[in-house]
Each structure stands twice: as structure tokens, then as C-alpha cells.
Amino acid sequence: MIGLVALAIAMGIGRFAFTPMMPLMVRDGSLDAVTGTEWATANYVGYLLGAISASWFARSPRHGLQIGLVGVAATTLAMAWGNVALPWLGMVLQGSAGIFSAWVLVCASSWCLPELARRNSAALGGWIYTGVGLGIAATGVMTWLGGTQAAVVLWVELGLLAIAGALYVMWHLPRHSAASAPSACADVRRRPAPSVRSGNIGVVLCYSAFGFGYIVPATFLPTMARQLVSDPLVFGLTWPIFGTAAAFSVAFAAHRLHGWSRRKVWAIAQGVMAVGTLLPLLQPALWVLAASAVLVGGTFMVATMAGLQLARERMPANPTPLLARMTAGFAAGQIAGPLLVRLIGDTRVAGWDALSLASAAASLLLATTSIWLWRDGVASAPKQQRS
């Protein structure tokens, strides 16, 4: 429950709250599209920096978890004062929120998974990742039902929710745990690090492609829906759908697919996501965007869960460095997506605009890496059986 709540706050609010809030702030006149894009980019860059620096907490992921949650709560509440008149403030706050949310994701995974394994409950590891979808869904419902309120009020409400979640985690977090005991660090020194040939580079690259692939719909779905209909009670539904699909899919994967190869689960999720990113290219309609929200939302946390659990399997003594590299690659990929849209600008290729071209590139990358993960998983299975 600790990990679930931590990820709900860090990712559902710290990482993704700005997605449904941006069109509401634009509506209120407190933000324009250009400044909003800069703030979103600052969050992505912050997430990258947080992923790179998360290895600081390799010996004590519990402390990184606490610091990250406090930071998410503080930056979310402070966003009530962010507006187009103070663009630097919003940029700093969103960048900081990205750093803190990355710390929580890496440290929650590093602390919770070994702790569950110590308690002979490793099969429950997947359930902590339902927190991301539940957090996104909760944020989406708040911004959907509260869409008639001023965005400032919604930021305060989200900040208070983040504070409540952070207090819950810190109250229930054990003061001492075998998952972060010094003996684990000693074990890391005794065990040789996996070599490049073990496939860690390929895993990091696939996770980076995943970051690029999901970010276009994750960033622009509510905005694309708002272009079709201006009522917030209609266009605001895309984000709760996205989050609800994420929560249910992770719960299904944790309950039904816990015995499957993590690599194969990841491959399937990445392949389905490729279909979700391709759908908006076929027809600009609300039902298409809703289907895309289900397919991308229903797979992006399964891919996250499977990828991070695979990292835990590959480096069981101390997964934090590999988790940090994967999260850094993911963050770099999600920066590259909007950057590509910005670089293409108003240029059209074969009638496709920048968003369509980025979606096509995302679909291609996701499909290619899905095939690689599946084939490599099939090839490695006989080796594991022989060993």
C-alpha cells in the first residue's frame, strides 16, 4: 500500500497533473500554449535529471522516497501561483516536480520490490504500479468534475491531496527494513555487475523507445479532444479514461500474468501501445481518441511495471543503478517526442502535420522494439531452462 500511494502521488500528480490542467489554464487565460509547452518540457527535463540523480539513493531508497514525496507536495501546491505573468516560476516548479517524481518512482521500486521479496510476497510487486493509474484517474476525475472551477483552485486541491498522500506514506513507512540494510550493499560488492553482453543496453534502449512512444498521446490527448469539443465535461474525460485503463490493466497483469516472462509482457504491452498511437492518424474523432486513451493508458504502466521488474530480475542485489539508467532513457525519449513536434513545426510531409509525423514515428519505434523484446525473450528462454 505504501508503494501504491507513493506512486499515485508522485506520478498521478507530480508527473502528470499538468496534462489535464494545461487546457484549463489556457481557458482561464493564466497560461498560453507556448508557455505551457515550455513548462511541460521543463517537467520532462526535470524527470530526466531526477532519473540520472536517483542513483544517489542507491544505499537508502527510503530517504529518496521521502524527499521526493515532500517535494511533489510542495511544488504542486505552489503551482497555484504559476501563471503566464511569472513564466520562470512555473518552469522551475514543473522542472522540480519532474525531478521529485522520478526519485519516487525509482526509489519506490528499489525499496518496495526487495521488501516484498523479503516477505515472500514478490508476486504482489506488480500491484504497486496500479498506483500510477489510480493517481492519474483521480487527478483526471478532479479536473473533469472540477473543470468549471478556476485552475488556481484545482492546483490547491491537488496540492492538499499530495500532502495527505505524503503524510500517509511517511507515517506507515517502517523506520528500518532489511530491504535497505547494509548487508544488501555488501552483497552488491560481492556480486559482479552484469556485462554489456547481458543485454542491459538493449533493455535501456527499448525503455527509451517506450518513453518516446507514449509521450505524444500522454501529452496531447486532452488538448486534441478540446480541439474537437470545448466543453470540459467532454474533453476532460480523456484523462480519467487514460488513468482508469492504466490502473485496471496493471491489476490484470499483476493478477493474471504474474507467472509470465516479464520480457514477453513488456513486448505485448509495447505492441498494443503502437496500435494506440497509430489510431489518431486514421480519423480525428472523439471515439478514436477514447480508444487511443484506452490502448495507450492500458499498456503504458504494464510496460513500466514489466520493465522495472525485469531490471530487478537482472540485478537483484542492487537494481537502483539499472532502474536509474532505464528511467533516464525513458525521460530522454519523452523529451525527444515533443521536441520533434516543435522542430517539424508547420511543415507537412505527405499531408501529415508535426503531430501526425511524431505519432507515426512513435508507432514504428514501439512496434520494432516490441518485436525485438519478444524475439529476444523467446531466444533466452531455452538458455534459462538449461541453466
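These numbers were taken from a predicted model, which means no experiment stands behind them. (Residues numbered from 1 in each chain as written. Predicted model: local features only at pLDDT ≥ 70, side-chain atom pairs only at ≥ 80, totals over all residues. Heavy atoms only, no water.)

Quick notes on the overall build of the protein chain
Step number 1: Of the regular secondary structure elements, the protein chain holds 15 helices and zero strands.
Step number 2: Taken over 387 residues, the protein chain has a buried fraction of 56%.
Step number 3: Contacts spanning at least 24 positions in sequence make up 83% of the contacts within the protein chain whose residues lie at least 6 apart.
Step number 4: When the accessible surface of the protein chain is split by element, carbon and sulfur atoms take 68% of a total near 16100 Å². (Helix = DSSP H or I, 4+ residues; strand = E, 2+ residues; numbered from the N terminus. Buried < 20%, exposed > 50% of the residue type's maximum accessible area, 1.4 Å probe, protein only. Contact = heavy atoms within 4.5 Å. Areas by Shrake-Rupley, 256 points an atom, 1.4 Å probe, with all protein chains shown as cover.)

Remarks on the packing of helix 1 (residues 2-15) against helix 6 (residues 130-145)
Step number 1: Relative orientation of the contacting elements helix 1 and helix 6 amounts to 50°, with a least axis distance of 7 Å. One element, helix 1, and the other, helix 6, form an angle in the oblique class. Crossing of helix 1 over helix 6 shows right-handed handedness. Taken together, the residues of helix 6 that come into contact with helix 1 (itself represented by Leu4, Leu7, Ala8, Met11, Gly12 and Ile13) are Thr130, Gly131, Val132, Leu134, Gly135, Ile136 and Thr139.
Step number 2: A class-by-class count of the residues in the contact of helix 1 with helix 6 yields eight nonpolar, five polar and no charged. (Axes fitted to C-alpha atoms, helices over the stretch in contact; angles between N-to-C directions. Parallel < 35°, antiparallel > 145°, perpendicular 65-115°, else oblique. Left-handed = near helix turned anticlockwise from the far one by under 90°. Nonpolar A, V, L, I, M, F, W, Y, C, P; charged D, E, K, R; others polar.)

Here's the deal with the confidence of the model for the protein chain
Step number 1: Chain-level statistics for the protein chain give a pLDDT mean of 80 and a share of 85% at 70 or above.
Step number 2: Helix 8 (residues 182-190) is the least confidently modelled element of the protein chain, averaging 35 in pLDDT, while helix 7 (residues 151-172) averages 91, the highest of any element. (pLDDT = per-residue confidence, 0-100.)

Some remarks on a nonpolar patch on the surface
Step number 1: A surface patch of nonpolar side chains, amounting to about 400 Å² of accessible area, comprises Val152, Val156, Leu160, Ile163 and Leu167.
Step number 2: Checked against the element boundaries, leucine 167 lands in helix 7. (Patch = residues over 30% accessible without salt bridge, like charges linked within 9 Å, V, L, I, M, F, W, Y side chains within 5 Å. Salt bridge = Lys/Arg side-chain N within 4 Å of Asp/Glu carboxyl O.)

Brief notes about the environment of alanine 247
Step number 1: Note that alanine 247 resides in helix 11 (residues 238-256).
Step number 2: Using a relative accessible area of 9% as the deciding quantity, one classes alanine 247 as buried.
Step number 3: The spatial distance from the C-alpha of alanine 247 to the C-alpha of valine 302 is 9.1 Å, given a sequence separation of 55 residues.
Step number 4: The residues contacting alanine 247, other than those within four sequence positions of it, are Thr130, Gly133 and Leu134.

A word on the pattern of salt bridges
Step number 1: With the rule as written, the count across this model stands at one salt bridge.
Step number 2: Close ionic contact of aspartate 28 with arginine 27 constitutes a salt bridge, the shortest N to O distance being 2.9 Å.
Step number 3: The exposure class of arginine 27 is partly exposed, given its relative accessible area of 33%.

A look at the packing of aromatic side chains
Step number 1: On inspection of all chains with the given rule, the structure shows 15 aromatic pairs.
Step number 2: An angle of 40° between the planes, with centres 5.5 Å apart, marks the rings of tyrosine 207 and phenylalanine 330 as tilted. With tyrosine 207 in helix 9 (residues 200-228) and phenylalanine 330 in helix 14 (residues 320-344), the pair connects residues that are 123 residues apart, well separated along the chain.
Step number 3: For tyrosine 207, a relative accessible area of 1% corresponds to the buried category.
Step number 4: Just above the ring of tyrosine 47 sits the side chain of arginine 15; from NZ or CZ to the centre is 5.5 Å.
Step number 5: The ring of tryptophan 374 has lysine 264 sitting right over it, with the charged end atom 5.2 Å from the ring centre. (Phe/Tyr/Trp six-rings, centres within 6.5 Å; stacked < 30°, edge-to-face > 60°. Lys NZ or Arg CZ within 6 Å of the ring centre and 35° of its normal.)

Examining the environment of glutamate 157
Step number 1: When you line up the elements, glutamate 157 lands in helix 7.
Step number 2: Along the chain, glutamate 157 and threonine 76 lie 81 residues apart, while their C-alpha atoms are 9.3 Å from each other.
Step number 3: Apart from residues no more than four positions distant in its own chain, glutamate 157 is found in contact with Met142 and Gln149.

A look at the side chain of threonine 369
Step number 1: Structurally, the position occupied by threonine 369 is in helix 15 (residues 354-386).
Step number 2: At a separation of 3.1 Å, a polar atom in the side chain of threonine 369 contacts the main-chain carbonyl oxygen of leucine 366.
Step number 3: In contact with threonine 369, not counting residues within four places along its chain, are Cys206, Ala209 and Gln270. (Polar contact = N/O pair within 3.5 Å; in protein donor to acceptor, adjacent residues only side chain to side chain.)

Regarding helix 13 (residues 286-314)
Step number 1: The end-to-end C-alpha distance of helix 13, which contains 29 residues, comes to 41 Å, matching closely the 42 Å that a straight helix rising 1.5 Å per residue would cover.
Step number 2: A large share of helix 13 lies buried, amounting to 21 of its 29 residues. (Expected span 1.5 Å × (residues − 1).)

So, the nonpolar core
Step number 1: One finds Leu65, Tyr129, Trp155, Tyr214, Phe242, Trp266 and Phe300 to be the most contacted residues of the largest nonpolar core, which totals 107 residues.
Step number 2: If we skip the residues at most four places from it in the chain, phenylalanine 300 touches Phe16, Val132, Ile136, Phe210, Tyr214, Phe242, Ala246 and Met273. (Core = buried A, V, L, I, M, F, W, Y, C linked by side-chain atoms within 4.5 Å.)

Observations concerning the side chain of threonine 139
Step number 1: Structurally, the position occupied by threonine 139 is in helix 6.
Step number 2: Threonine 139 has contacts with Gly12, Ile13, Ala17, Pro20 and Leu158, leaving out every residue within four places of it along the chain.

Digging into the packing of helix 12 (residues 262-282) against helix 13
Step number 1: Remark: helix 12 packs on helix 13, axes separated minimally by 7 Å, with the N-to-C direction vectors making an angle of 155°. Classed by the angle they form, the pair helix 12 and helix 13 counts as roughly antiparallel. The handedness of the crossing between helix 12 and helix 13 comes out as left-handed.
Step number 2: For the contact of helix 12 with helix 13, the residue count by class is 19 nonpolar, seven polar and four charged.

Considering the environment of leucine 237
Step number 1: Turning to its location among the elements, leucine 237 is positioned in the loop between helix 10 (232-235) and helix 11.
Step number 2: For the pair formed by leucine 237 and glycine 140, sequence separation is 97 residues and the distance between their alpha carbons is 7.4 Å.

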